[in-house]
2 protein chains.
Amino acid sequence: MPVVDFFYDVVSPYSYLAATQVARIEAKAEVHWRPFWLAGVMQATGNQPPFLVPARAQYMQRDLQRLAAFYGVQLVMPATFPFETLTAMRCLLTLPAALLPASSLALFEAVWVEGRDVADRQVLKDLFGAEVLDQAAASAGKLALKENSDEAVMRGAFGAPSFFLGDELYFGCDRLFLLEHDLAAARGAS
Amino acid sequence: MPVVDFFYDVVSPYSYLAATQVARIEAKAEVHWRPFWLAGVMQATGNQPPFLVPARAQYMQRDLQRLAAFYGVQLVMPATFPFETLTAMRCLLTLPAALLPASSLALFEAVWVEGRDVADRQVLKDLFGAEVLDQAAASAGKLALKENSDEAVMRGAFGAPSFFLGDELYFGCDRLFLLEHDLAAARGAS
């Protein structure tokens, strides 16, 4: 099976939508879930979030609701947006790799379905337990998140979600159809 | 038939791709081709072109080639990009409305297939004839382009291509599937 790297941050609603659809990719590739820190990736690349432009912020709300309806999933904007995710993403990276997909989906749903504030340590403690929260503050969790973010930037990422198939970047939940198409073409050619 | 307004500028490669696919929308709606001036729209809304961020510029080239291959159309980057389109878009707006779709497609192909420089008056003269080029400099052509651009901004547009179905904006060739979906749903409901 080809390998697809899926870089995401829970602050990104388009990453949430992508995460709800990634099973379509998992049928055709081995997907590695790679938490990263979007704010750092944007800073490193000089990119800016679309919602800084008022007309884009307004459109983004409609676009997200239409995509969510199309995919058949819920999407509720949290009371605070954007929000800090450094500790939340470090928590994910203290877990065994096998738990990453389900735990990441649970974190996405805590924000984008239940409207919980994952910048709040108590919420993270409820979600992950005290031990994981303590480990996230240790240097290994910090380093793992920095390494994922640096690798994504080095490979050409500038936002989230970012999927890589080898050297090829697919940016946005709206490029999953091209990734699927290319995976099918690669299978047909082999 | 519902009415869809399609706002575009020949400088935008994603508008070119959308124009090659708009027949799918024309099967379900009356599409009004609405040339506008993208530079003015971006200035009015405070939006910035993605290619100002180096990592996005690099990705955009791959993304455009993949989308073009998926749609089965050619896309060649012109020697100069971006380029001035004020006169070219004014030429389109001096034509009878019935000629707009075919003339716009010809203008898109001049740039994105043949690599011609439509900032060059001689190229525009070859494409549209001397009479249209003269008329484009008159106040009616200038006013029509400004009116289309102002209307698009007033309705919420911030980039190109922008499609409107009533109050609903669909931004990008990658949202044509949602526009098609909503047109089909509206037909089913009526």
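Note that the coordinates shown come from a computational prediction; the quantities given were computed from them, not determined experimentally.

Secondary structure summary: chain A contains ten helices and four strands in total. When the helices and strands of chain A are placed in sequence order, the string is β-α-α-β-α-α-α-α-α-α-α-β-β-α. On C-alpha atoms alone, chain A measures out to a radius of gyration of 16 Å, which is about the 16 Å that the 2.2 N^0.38 rule sets for 190 residues. Considered along the principal axes of its C-alpha atoms, chain A spans approximately 50 × 40 × 35 Å.

Attention shifts here to the environment of Leu67(A). For Leu67(A), the location among the structural elements is in helix α4 (residues 54-71). The sequence separation of Leu67(A) and Asp174(A) amounts to 107 residues, and the corresponding C-alpha distance is 9.0 Å. Leave out the neighbours within four places in its chain, and Leu67(A) touches Tyr14(A), Leu17(A), Cys173(A), Arg175(B), Phe177(B) and Leu178(B).

For the rest of this paragraph, the subject is the relation of the copies chain B and chain A. Its rotation angle being 180 degrees, the transformation that places chain B on chain A also includes 0.0 Å of axial translation and leaves an RMSD of 0.0 Å. The superposition of one copy onto the other is thereby described by a two-fold rotation axis. Ranked by how close their C-alpha atoms come to the rotation axis, the residues of chain B are headed by Asp174(B), at 3.5 Å. A high fraction, 100%, of the interface residues of chain B reappear at the interface in chain A, so the copies pair face to face through one surface.

All right, on to the sheet that holds strand β3 (residues 162-165) of chain B then. Sheet strands pair via backbone hydrogen bonds, and the direction of the pair is either parallel or antiparallel. All names here are of chain B. Across the sheet, which stays open at both edges, the four strands sit in the order β2-β1-β3-β4 with mixed pairing between neighbours. Two strands bound the open sheet, and with one partner strand each, they are β2 (30-35) and β4 (168-171). In this sheet, neighbouring strand axes are inclined to one another by 20 degrees on average, regardless of whether the strands run parallel or antiparallel. Strand direction decides the pairing type here: β3 and β4, joined by four bridges, are antiparallel. Across the sheet, residue Ser162 finds its bridge partner in β4, namely Phe171. Against the sheet, helix α1 (residues 13-21) contacts β1 (3-8), β2 and β3, and its axis sits at roughly 145 degrees relative to β1. Against the sheet, helix α9 (residues 139-154) touches β1, β2 and β3, its axis set at about 115 degrees to β2.

Here we take up the interface of chain B and chain A. Across the boundary between the two partners, chain B contributes 26 residues, which contact 26 residues of chain A. In this assembly, chain B packs against chain A so that about 2400 Å² is buried in total across both faces, 58% of it on carbon and sulfur atoms. Summed over the shared surface of chain B and chain A, the number is eight salt bridges. Across the pair Arg66(B) and Glu168(A) runs a salt bridge whose closest N-O atoms are separated by 2.6 Å. Counting across the chain B and chain A interface gives 14 residue pairs in polar contact (both at pLDDT 80 or more).

Time to look at helix α10 (residues 176-189) of chain A. For α10(A), with 14 residues, the first-to-last C-alpha span of 20 Å sits near the 20 Å given by 1.5 Å per residue. All buried positions along α10(A) are accounted for by Leu176(A), Leu178(A), Leu179(A), Glu180(A) and Leu183(A). Buried residues belonging to α10(A) abut β1 (3-8), α1 (13-21), α2 (23-26), β3 (162-165) and β4 (168-171) of chain A together with α4 (54-71) of chain B.

Turning our attention to the environment of Asp167(A). By the element assignment, Asp167(A) lies in the loop between β3 and β4. Distance from Asp167(A) to Val76(A), taken between C-alpha atoms, is 34 Å for residues 91 residues apart in sequence.

Turning next to the confidence of the model for chain A. Mean pLDDT over chain A works out to 96, with 99% of the residues at or above the 70 mark. Reported for the predicted complex are a pTM of 0.96 and an ipTM of 0.94.

Our focus in this paragraph is the sheet that holds β1(A). Residue and element names in this part refer to chain A. Spatially, the four strands line up as an open sheet ordered β2-β1-β3-β4, and their pairing is mixed. Each edge of the open sheet carries a strand with a single partner, namely β2 (30-35) and β4. Across the sheet, the axes of successive neighbouring strands diverge by a mean angle of 20 degrees, strand direction being ignored. Sitting on the sheet, α10 touches β1, β3 and β4, and the angle it makes with β3 is about 10 degrees.

The next subject is the pairing of β1(A). Residues and elements named next belong to chain A. Most of β1 sits out of view: five of its six residues are buried. Pairing analysis gives six bridges linking β1 to β2, with the strands arranged parallel. Directly across from Phe6, in β2, lies its bridge partner Trp33. With four bridges connecting them, β1 and β3 associate as antiparallel partners. Note on β3: the bridge partner recorded for Phe7 is Ser162.

Attention shifts here to unusual backbone geometry. Glycine aside, residues mostly have negative phi angles, and peptide bonds mostly take the trans form. Residue and element names in this part refer to chain A. Between Phe81 and the following residue, Pro82, the backbone shows a cis peptide bond with an omega angle of -5 degrees. Considering the arrangement of structural elements, one finds Pro82 in the loop between α4 and α5 (86-92). For the bond from Ala160 to Pro161, the omega torsion is -5 degrees, close enough to zero to count as cis. Inspection of the secondary structure assignment puts Pro161 in the loop between α9 (139-154) and β3.

The rules behind each value
- Residues numbered from 1 in each chain as written.
- Chains lettered and ligands numbered in written order.
- Predicted model: local features only at pLDDT ≥ 70, side-chain atom pairs only at ≥ 80, totals over all residues.
- Heavy atoms only, no water.
- Helix = DSSP H or I, 4+ residues; strand = E, 2+ residues; numbered from the N terminus.
- Rg over C-alpha atoms; globule rule 2.2 N^0.38 Å.
- Contact = heavy atoms within 4.5 Å.
- Least-squares fit on C-alpha atoms with pLDDT ≥ 70 in both.
- Pairing = 2+ DSSP bridges.
- Axes fitted to C-alpha atoms, helices over the stretch in contact; angles between N-to-C directions.
- Buried area = accessible area lost by both parts, 1.4 Å probe.
- Salt bridge = Lys/Arg side-chain N within 4 Å of Asp/Glu carboxyl O.
- Polar contact = N/O pair within 3.5 Å; in protein donor to acceptor, adjacent residues only side chain to side chain.
- Expected span 1.5 Å × (residues − 1).
- Buried < 20%, exposed > 50% of the residue type's maximum accessible area, 1.4 Å probe, protein only.
- pLDDT = per-residue confidence, 0-100.

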